[in-house]
Amino acid sequence: MSTILSGIQPSGLLHIGNYFGAIRQHVALQEEAGAHFYFIADYHALTSQRDPAKMRELVWETAVTYLACGLDPEKAVLFRQSDVPEVTEIAWLLATVTGMGLLERAHSYKDKVNNNIKPSVGLFTYPILMAADILAYDSTLVPVGKDQVQHVEMAQDMAGYFNGAYGDVFQRPEMRLEKSEAMQKVPGLDGQKMSKSYGNDIWIFEQGKRLKTQCGKIVTDSRPPEEPKDPAELFVFDLLALFLPADELVDWQNKVREGGESAPGYGHLKMRLKDAMEDYFADARARREEYLAHPEKVEAVLQAGAAKARECAQRVRDRALLACGLR
Ligand code: ADP
Ligand code: TRP
């Protein structure tokens with residue numbers, strides 16, 4: 001039986017790139033047989049977020065977003081990473097068998113240092129905590145985006161080092177990458193990969209005037225509507241493809257390719273995108289409103305999730321302590 005686990009950092013309001021690249025896949029996986037653990041990686045977020053009020057708000061928003069987007073607490077365990085302190089204990093055990101060299105090779109750490117971020121020890125050991133997250137629940141499958149592949153490989157390595165030293169303690173996890181390139185790299189308003197750190201993102205629950213303004217900012221060129229164009233060169237079509245029915249998408253693509261009188265202008269396409277996005281997330285938006293009106297329901301889900309997650313993490317921690325002679 002598989003145990004599926006993934007985590008997401010509460011480092012900003014979740015955007016449509018996060019939705020198509022991560023959340024949607026997580027929600028779909030809950031239908032597969034096995035156990036499902038999804039958590040809000042608040043300990044990891046501490047490596048970049050130092051405003052306590054903001055932290056609280058973002059942890060909350062991340063939980064609400066998952067629930068609103070369809071995560072079913074009856075099928076999947078949703079919890080806060082920091083509600084399972086055993087994870088930090090397991091992280092220590094893994095740290096004692098992990099060489100500095102492994103961590104020094106981490107791309108995401110090197111990228112941050114190259115971008116002049118002064119690294120804390122926590123940032124350097126980030127992959128150890130992530131390995132503990134994965135190994136604490138005997139996870140067999142970890143769905144992640146491309147940027148996290150190396151971290152999961154490190155978790156596999158660390159499980160191997162520990163098991164090599166102390167016997168069969170940790171389950172080796174496998175990873176699952178989103179297959180479709182379109183889902184892995186949703187473009188932002190400027191055509192680069194959508195990311196909160198580029199400021200080109202659209203919040204999943206954006207609507208009305210603000211969404212209209214944001215869609216209006218999608219970068220296009222100054223060619224007139226009548227001029228025939230290749231839709232594959234216009235990234236607004238990559239966004240439209242996520243939200244429009246296939247036949248409608250083909251229709252717009254044909255019109256743009258042919259040009260002439262009936263071809264839509266960019267403004268027209270952007271407004272169609274705005275309406276389609278609003279419709280796509282309408283049910284999720286309504287569920288979010290319900291949770292906002294009943295915050296106690298969200299807290300109850302997180303508490304129940306933490307209890308289930310802890311039970312499992314305690315078992316794995318005890319197994320690890322026993323194996324290395326600490327019990
Ligand atoms: P951000 O780049 O906005 O900081 P994160 O790095 O926190 O986003 O990513 C959280 C999850 O969302 C990861 O699984 C990542 O692969 C996915 N993700 C982020 N941006 C995109 C995007 N533009 N397209 C597809 N998936 C994305
Ligand atoms: N590092 C992941 C990210 O930034 C979040 C994360 C923390 C995670 N622990 C994890 C993902 C364990 C998968 C499994 O997206």
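See the structure printed just above.
For the structure given in this document, a descriptive report is provided here.

Parameters and conventions
Residues numbered from 1 in each chain as written. Chains lettered and ligands numbered in written order. Predicted model: local features only at pLDDT ≥ 70, side-chain atom pairs only at ≥ 80, totals over all residues. Heavy atoms only, no water. Phe/Tyr/Trp six-rings, centres within 6.5 Å; stacked < 30°, edge-to-face > 60°. Helix = DSSP H or I, 4+ residues; strand = E, 2+ residues; numbered from the N terminus. Buried < 20%, exposed > 50% of the residue type's maximum accessible area, 1.4 Å probe, protein only. Lys NZ or Arg CZ within 6 Å of the ring centre and 35° of its normal. Near = heavy atom within 4 Å. Polar contact = N/O pair within 3.5 Å; in protein donor to acceptor, adjacent residues only side chain to side chain. Areas by Shrake-Rupley, 256 points an atom, 1.4 Å probe, with all protein chains shown as cover. Nonpolar A, V, L, I, M, F, W, Y, C, P; charged D, E, K, R; others polar. Core = buried A, V, L, I, M, F, W, Y, C linked by side-chain atoms within 4.5 Å. Salt bridge = Lys/Arg side-chain N within 4 Å of Asp/Glu carboxyl O. Axes fitted to C-alpha atoms, helices over the stretch in contact; angles between N-to-C directions. Parallel < 35°, antiparallel > 145°, perpendicular 65-115°, else oblique. Contact = heavy atoms within 4.5 Å. Expected span 1.5 Å × (residues − 1).

## Description of the packing of aromatic side chains
Argument step 1. Scanning the entire structure with this criterion turns up 16 aromatic pairs.
Argument step 2. On the basis of an interplanar angle of 80° and a centroid distance of 6.1 Å, the ring pair of tyrosine 19 and tyrosine 280 is categorised as edge-to-face. Here tyrosine 19, found in helix α1 (residues 16-29), pairs with tyrosine 280, found in helix α14 (residues 266-280); they are 261 residues apart in sequence, far enough to count as distant.
Argument step 3. Given the relative accessible area of 10%, tyrosine 19 is considered buried.
Argument step 4. Using a relative accessible area of 32% as the deciding quantity, one classes tyrosine 280 as partly exposed.
Argument step 5. With a centroid separation of 5.0 Å and 75° between ring planes, the pair formed by tyrosine 280 and phenylalanine 281 is classed as edge-to-face.
Argument step 6. A residue is classified by how much of its surface remains accessible, and phenylalanine 281, at 2% relative accessible area, is buried.
Argument step 7. Feature note: the residues Tyr19, Phe20, Phe243, Tyr280 and Phe281 constitute an aromatic cluster, connected by ring pairs.
Argument step 8. Sitting over the ring of tyrosine 266, lysine 229 keeps its end group 5.4 Å from the ring centre.
Argument step 9. Between the NZ or CZ atom of lysine 255 and the centre of the ring of tryptophan 252, over which it lies, the distance is 5.5 Å.

## Let's talk about the site of ligand 2
Argument step 1. Around ligand 2 there are 14 residues in total, and Gln9, His44, Tyr126, Asp133 and Gln148 lie nearest to it.
Argument step 2. Interatomic distance of 3.3 Å between a side-chain N/O atom of glutamine 9 and an oxygen atom of ligand 2.
Argument step 3. One of the side-chain nitrogen or oxygen atoms of glutamine 148 is found 3.0 Å away from a nitrogen atom of ligand 2.
Argument step 4. Expressed as a share of its isolated accessible area of 370 Å², the protein-covered part of ligand 2 is 90%.
Argument step 5. Secondary structure elements with two or more residues in the shell around ligand 2: β1 (3-8), α8 (126-135) and β4 (141-144).
Argument step 6. At four residues, α8 tops the list of elements feeding residues into the shell around ligand 2.
Argument step 7. Taken together, the residues of the shell around ligand 2 sort by class into eight nonpolar, five polar and one charged.

## Observations regarding the nonpolar core
Argument step 1. Judged by nonpolar contacts, the single largest core of 58 residues is most densely connected at Ile16, Phe237 and Phe243.
Argument step 2. The element best represented in this core is helix α3 (residues 52-68), accounting for seven residues.
Argument step 3. Ranked by size, the runner-up nonpolar core spans 46 residues in total, among them Phe39, Ala106, Tyr109 and Leu321.

## Quick look at the pattern of salt bridges
Argument step 1. Scanning all chains against the criterion turns up 18 salt bridges.
Argument step 2. Across the salt bridge formed by aspartate 83 and arginine 80, the nearest N and O atoms sit 2.9 Å from each other.
Argument step 3. Three or more residues are tied together by salt bridges with common partners; here these are Arg80, Asp83 and Glu299.

## Describing the packing of helix α15 (residues 282-293) against helix α16 (residues 295-323)
Argument step 1. Remark: α15 packs on α16, axes separated minimally by 4 Å, with the N-to-C direction vectors making an angle of 90°. One way to sum up the angle between α15 and α16 is to call them roughly perpendicular. Of α16, the residues touching α15 (which contributes Tyr291, Leu292 and Ala293) are Pro295, Lys297 and Val298.
Argument step 2. A per-class count over the contact of α15 with α16 returns five nonpolar, no polar and one charged.

## Some points on α3
Helical geometry note: an α-helix holds 3.6 residues per turn, so side chains three or four residues apart project in the same direction.
Argument step 1. Here α3 spans 24 Å end to end across 17 residues, near enough to the 24 Å set by a 1.5 Å rise per residue.
Argument step 2. Along α3, the residues that are buried comprise Met55, Leu58, Val59, Glu61, Thr62, Ala63, Val64, Thr65, Tyr66, Leu67 and Ala68.
Argument step 3. The residue sitting at the N-terminus of α3 and contributing the capping side-chain oxygen is aspartate 51; that oxygen lies 3.0 Å from the backbone nitrogen of alanine 53.
Argument step 4. Note on α3: the residue one or two positions beyond its end, glycine 70, has a positive phi of about 110°.

## Concerning the site of ligand 1
Argument step 1. In the vicinity of ligand 1 there are 15 residues, among which His15, Val186, Met194, Ser195 and Lys196 approach most closely.
Argument step 2. For ligand 1, a nitrogen atom lies 3.1 Å from a polar atom in the backbone of glycine 17.
Argument step 3. Aspartate 147 places a polar side-chain atom, nitrogen or oxygen, 3.3 Å from an oxygen atom of ligand 1.
Argument step 4. If ligand 1 stood free it would expose 540 Å²; the protein chains cover 83% of that surface.

## Overview of unusual backbone geometry
Argument step 1. Residues other than glycine seldom take positive phi values, yet asparagine 116 does so here, at roughly 65°.
Argument step 2. With respect to the element layout, asparagine 116 can be found in the loop between α6 (107-114) and α7 (121-124).
Argument step 3. For aspartate 138, which is not glycine, the phi torsion reads 50° and is therefore positive.
Argument step 4. Mapped onto the fold, aspartate 138 is located in the loop between α8 and β4.

## Notes on the environment of threonine 140
Argument step 1. Relative to the assigned elements, threonine 140 resides in the loop between α8 and β4.
Argument step 2. For the pair threonine 140 and alanine 35, spaced 105 residues apart in the sequence, the C-alpha separation amounts to 9.8 Å.
Argument step 3. In this structure threonine 140 touches Met1, Ser2, Thr3, Gln171, Pro173 and Glu174, once residues within four positions along its chain are discounted.

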